[in-house]
Structures are given as C-alpha cells and as structure tokens.
Amino acid sequence: QVQLVESGGGLVQPGGSLRLSCAASGSIFSINAVGWYREAPGKQRYLVAGINSGGSTNYDDSVKGRFTISRDNAKNTVYLQMNSLKPEDTAVYYCNADKITTEWGVLYDYWGQGTQVTVSS
C-alpha cells in the first residue's frame, strides 16, 4: 500500500515560515512529478509549486520568491519551504504525485490527505 503523508502545517504569524513535507511510503521504485496544491474555504484547489523528476521547478505567481519546493529522492520526500507567509496563504495544502512506480504497478494522480496552514496574528 502506498501512502502520501503531508506534515508540517500549523498556525503561524504573518511573516513567519513553515516547512511542509510530503513523504511517500510503500514499495516505491520511483516518483515522477510532484506538486503542492492548496485549497482555501470556498475556493478551488490549485497548484502552487511543482517539481519534476529532474528537479525542475515551477511556481504560481502568488508564491514566487517566497516558497521553495525541493525533493529528496532517497527519502521519497518532497518539501515546501514557505517564507514570508501572508494571511492569504491560509489553506489546506495537498501534495500530488502524477505517477508513482511501485513493486505492484504504476499509480497515477495520487493525493495525500492534506495539512492545514493558518497564517494569522
């Protein structure tokens, strides 16, 4: 059984920082591209940062210069370093892997359960 587990969310003051982790567990051979998405109440979920298997990254304009996505392939973990947080960054953050190759086959469009980030004074 493969799981994507997000962690690192919480309550932080404006201007503060958090680092989210997305750890994949199970008999995994490789993970292709991974994205961090966020969903605020009443709004659609959308991609804020992505990283492909080669390490190339992309960011939504709203987080450029403040968020950094990275990955540790040996640990099957992707990180999202979030700095200079703003109240509008408040949302549930989800990680998504577009393709995971496992001992038993290939999984597509795989989601974690989400972690809440609240930016408030």
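Before any of the text, the structure's been laid out above.
Residues numbered from 1 in each chain as written. Predicted model: local features only at pLDDT ≥ 70, side-chain atom pairs only at ≥ 80, totals over all residues. Heavy atoms only, no water.

What's the story with the side chain of Arg66 in this structure? I'm lost.
You can see Arg66 is positioned in the loop between β7 (57-59) and β8 (67-72). Exposure remark for Arg66: the relative accessible area of 10% places this residue in the buried category. A polar contact of 2.7 Å, which involves the side chain of Arg66, links it to the side chain of Asp89. (Helix = DSSP H or I, 4+ residues; strand = E, 2+ residues; numbered from the N terminus. Buried < 20%, exposed > 50% of the residue type's maximum accessible area, 1.4 Å probe, protein only. Polar contact = N/O pair within 3.5 Å; in protein donor to acceptor, adjacent residues only side chain to side chain.)

How should the environment of Tyr46 be read in this particular structure?
The residue Tyr46 is located in strand β6 (residues 46-51) in this model. A residue is classified by how much of its surface remains accessible, and Tyr46, at 31% relative accessible area, is partly exposed. Sequence separation between Tyr46 and Asn76 is 30 residues; the distance between their C-alpha atoms is 23 Å. When near neighbours in sequence (up to four residues on either side) are disregarded, Tyr46 contacts Trp36, Tyr37, Arg38, Asp60 and Ser62. Only 2.8 Å separates the side chain of Tyr46 from the side chain of Arg38, close enough to count as a polar contact. (Contact = heavy atoms within 4.5 Å.)

Would you explain the pattern of salt bridges in this entry?
Where charged atoms from two side chains of opposite charge approach closely, those side chains can pair. The final tally for this structure, using the stated rule, is four salt bridges. A network of salt bridges, in which partner residues are shared, links Arg38, Arg66 and Asp89. (Salt bridge = Lys/Arg side-chain N within 4 Å of Asp/Glu carboxyl O.)

Explain the sheet that holds strand β1 (residues 3-7) here, please?
Two orientations exist for strands paired in a sheet by backbone hydrogen bonds: parallel and antiparallel. Sheet architecture is open: four strands sit in the order β1-β3-β9-β8, paired in antiparallel fashion. For this open sheet the edge positions go to β1 and β8, each flanked by a neighbour on one side alone. Ignoring which end each strand starts from, the neighbouring axes of this sheet average 15 degrees apart. Bridge count between strand β3 (residues 18-25) and strand β9 (residues 77-82): six bridges; the pairing is antiparallel. If you follow Ser21 over to β9, its bridge partner there is Tyr79. (Pairing = 2+ DSSP bridges. Axes fitted to C-alpha atoms, helices over the stretch in contact; angles between N-to-C directions.)

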